[in-house]
Amino acid sequence: MAELNSYTPVSVLPSQSLTEDLSQLSKYQVIVLTGMSLSDQLAISEYCHKNGIYLVIADTFGLFGYIFTDFGKGFAIADPTGENPVSGIVAGIDEEGLVSALDETRHGLEDGDYVTFTEVQGMEGLNECEPRKITTKGPYTFSIGDVPGL
Amino acid sequence: MPKVINFQPLEDQLKKPELLTSDFAKFDRPAQLHVGIQALHEFTNCHNGQLPRTHNEEDAAEVFKYAQAAAEHGK
């Protein structure tokens, strides 16, 4: 099997079964299981989840199949949608943090989106600021919350 | 902005699975598969790793019995 793809090292685990000594799994960051009994899967899953090892289980049965994934608690996805960030031109920001988009342009944002600013005049503290969570107030305005001292 | 999600181990997900619907015309199919695959695992457990024989009424009936039990269990 090692000859199938020379870029993938293939080795055989020395022990008779994966589950008789679960600690042999500790050196891996990701484990993919296939063709294992449910009880073995459960034992390995419990060990992996406790020890921060990513787990993928996949099997096919004729025309049907499944995939199970467990990447542990607190798994951060850096880019959930793969979309480029939207940008727009700001007409003004009032002292209560209400941002107005240029004239009749819709900002296209939703509640919970994060924004930052560049080339703002008069409230320069916002330029390159840490992303701020917004709430939309209308199609042309949104709020960035309080802007004390800016 | 990064999105943080918490995964559950297999044991928890088996009881209350978070199923991904890939075909919205057959939205109940993933739940059926969840039950069916548990039934297949139960069958292999009782038959020394062997999967049910194809076109075999007896094996099919046994898998169906396990499937019903798994479905009840999941309620």
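Quantities reported herein were computed from a predicted structural model and do not represent experimental measurements. (Residues numbered from 1 in each chain as written. Chains lettered and ligands numbered in written order. Predicted model: local features only at pLDDT ≥ 70, side-chain atom pairs only at ≥ 80, totals over all residues. Heavy atoms only, no water.)

Caption draft 1: The nonpolar core, seen in detail. With 25 residues, the main nonpolar core has Ile31(A), Leu33(A), Ile44(A), Cys48(A), Leu55(A), Ile57(A) and Leu10(B) as its most contacted residues. Sequence-distant contacts of Ile44(A), that is, excluding residues within four places in its chain, are made with Leu18(A), Thr19(A), Leu22(A), Leu25(A), Leu33(A), Met36(A) and Leu55(A). Grouped together as the second largest cluster of nonpolar side chains are 12 residues, Phe117(A), Cys129(A), Phe142(A) and Val147(A) included. (Core = buried A, V, L, I, M, F, W, Y, C linked by side-chain atoms within 4.5 Å. Buried < 20%, exposed > 50% of the residue type's maximum accessible area, 1.4 Å probe, protein only. Contact = heavy atoms within 4.5 Å.)

Caption draft 2: Spatial organisation of the side chain of Glu62(B). Mapping Glu62(B) onto the fold places it in helix H3 (residues 57–74). Nearest to the buried, unbridged Glu62(B) among oppositely charged side chains is Lys65(B), at 5.9 Å. (Helix = DSSP H or I, 4+ residues; strand = E, 2+ residues; numbered from the N terminus. Lys, Arg positive; Asp, Glu negative; His and termini not counted. Salt bridge = Lys/Arg side-chain N within 4 Å of Asp/Glu carboxyl O.)

Caption draft 3: Structural detail: H3(B). Residues and elements named next belong to chain B. Compared with the 26 Å implied by 1.5 Å per residue over 18 residues, the 25 Å span of H3 between its first and last C-alpha is a close match. If you check which residues of H3 are buried, you get Asp59, Glu62, Val63, Tyr66, Ala67 and Ala70. The arc enclosing the buried residues of H3, seen along the axis, measures out at 145 degrees, which places them on a common side. Exposed residues on H3 whose side chains face more than 90 degrees from its buried face are Glu57, Glu58, Phe64, Lys65 and Glu72. For H3, the elements touching its buried residues are helix H2 (29–46). Between the side-chain oxygen of the N-cap and the backbone nitrogen of Glu58 there are 2.9 Å, and the N-cap of H3 in question is Asn56. (Expected span 1.5 Å × (residues − 1). Arc of directions from axis to C-beta. Polar contact = N/O pair within 3.5 Å; in protein donor to acceptor, adjacent residues only side chain to side chain.)

Caption draft 4: A look at the packing of H2(B) against H3(B). All names here are of chain B. One can describe the packing of H2 onto H3 by two numbers: an axis separation of 8 Å at closest approach and a directional angle of 120 degrees. With respect to their mutual orientation, H2 and H3 come out oblique. Our pair here, H2 against H3, has a crossing hand that is right-handed. Here Val35, Gln38, Ala39, Leu40, Glu42, Phe43 and Cys46 of H2 come into contact with H3, specifically with Asp59, Glu62, Val63, Tyr66, Ala67, Ala70 and Ala71. Of the residues that constitute the contact of H2 with H3, the class distribution is 10 nonpolar, 1 polar and 3 charged. (Axes fitted to C-alpha atoms, helices over the stretch in contact; angles between N-to-C directions. Parallel < 35°, antiparallel > 145°, perpendicular 65-115°, else oblique. Left-handed = near helix turned anticlockwise from the far one by under 90°. Nonpolar A, V, L, I, M, F, W, Y, C, P; charged D, E, K, R; others polar.)

Caption draft 5: Structural view of H2(B). Counted at 1.5 Å a residue, the expected span for H2(B) with its 18 residues is 26 Å, and the 26 Å between its end C-alpha atoms agrees. Asn48(B) sits one or two positions beyond H2(B) and adopts a positive phi of about 60 degrees.

Caption draft 6: Representation of the side chain of His41(B) in the model. As for its placement among the helices and strands, His41(B) is situated in helix H2. Once residues within four sequence positions are removed from consideration, His41(B) is found in contact with Met36(A), Leu38(A), Gln41(A) and Tyr66(A).

Caption draft 7: Quick peek at the interface of chain B and chain A. Opposite the 19 residues of chain B that make contact, chain A presents 25 residues. In this assembly, chain B packs against chain A so that about 2,000 Å² is buried in total across both faces, 74% of it on carbon and sulfur atoms. Looking only at chain B, the three residues that lose the most surface to chain A are Met1(B), Phe7(B) and Leu10(B), adding up to 34% of its buried area. At the junction of chain B with chain A, the criterion picks out 0 salt bridges. Connecting chain B to chain A are 5 residue pairs in polar contact (both at pLDDT 80 or more). It is H2(B) that contributes the most residues to the side of chain B that touches chain A, 5 residues altogether. In the side of chain B that touches chain A, the residues fall into 12 nonpolar, 4 polar and 3 charged. In this structure, strand E4 (residues 75–77) of chain A lies alongside strand E1 (residues 3–5) of chain B, joined through 3 bridges in antiparallel fashion. Along E1(B), the bridge assignment pairs Phe75(A) with Ile5(B). (Buried area = accessible area lost by both parts, 1.4 Å probe. Pairing = 2+ DSSP bridges.)

Caption draft 8: Spatial organisation of the sheet that holds strand E2 (residues 54–61) of chain A. Ordered in space as E1-E2-E3 (chain A), the 3 strands form an open sheet in which the pairing is mixed. In this open sheet, the two strands that pair with only one neighbour each are strand E1 (30–33) and strand E3 (64–70) of chain A. Neighbour-to-neighbour, the strand axes of this sheet turn through a mean angle of 10 degrees, independent of strand direction. Two strands pair when backbone bridges link them, and E2(A) and E3(A) are joined in this way by 7 bridges, in the antiparallel orientation. Considered in E3(A), the bridge of Asp59(A) is made with Tyr66(A). Sheet contacts for helix H1 (residues 38–50) of chain A: E1, E2 and E3 of chain A; angle to E2(A), the most-contacted strand, approximately 160 degrees. Relative to the sheet, H2(B) contacts E2 and E3 of chain A, its axis offset from that of E3(A) by approximately 90 degrees.

Note that every value here comes from positions in space, so none of it alone points to a role or purpose.
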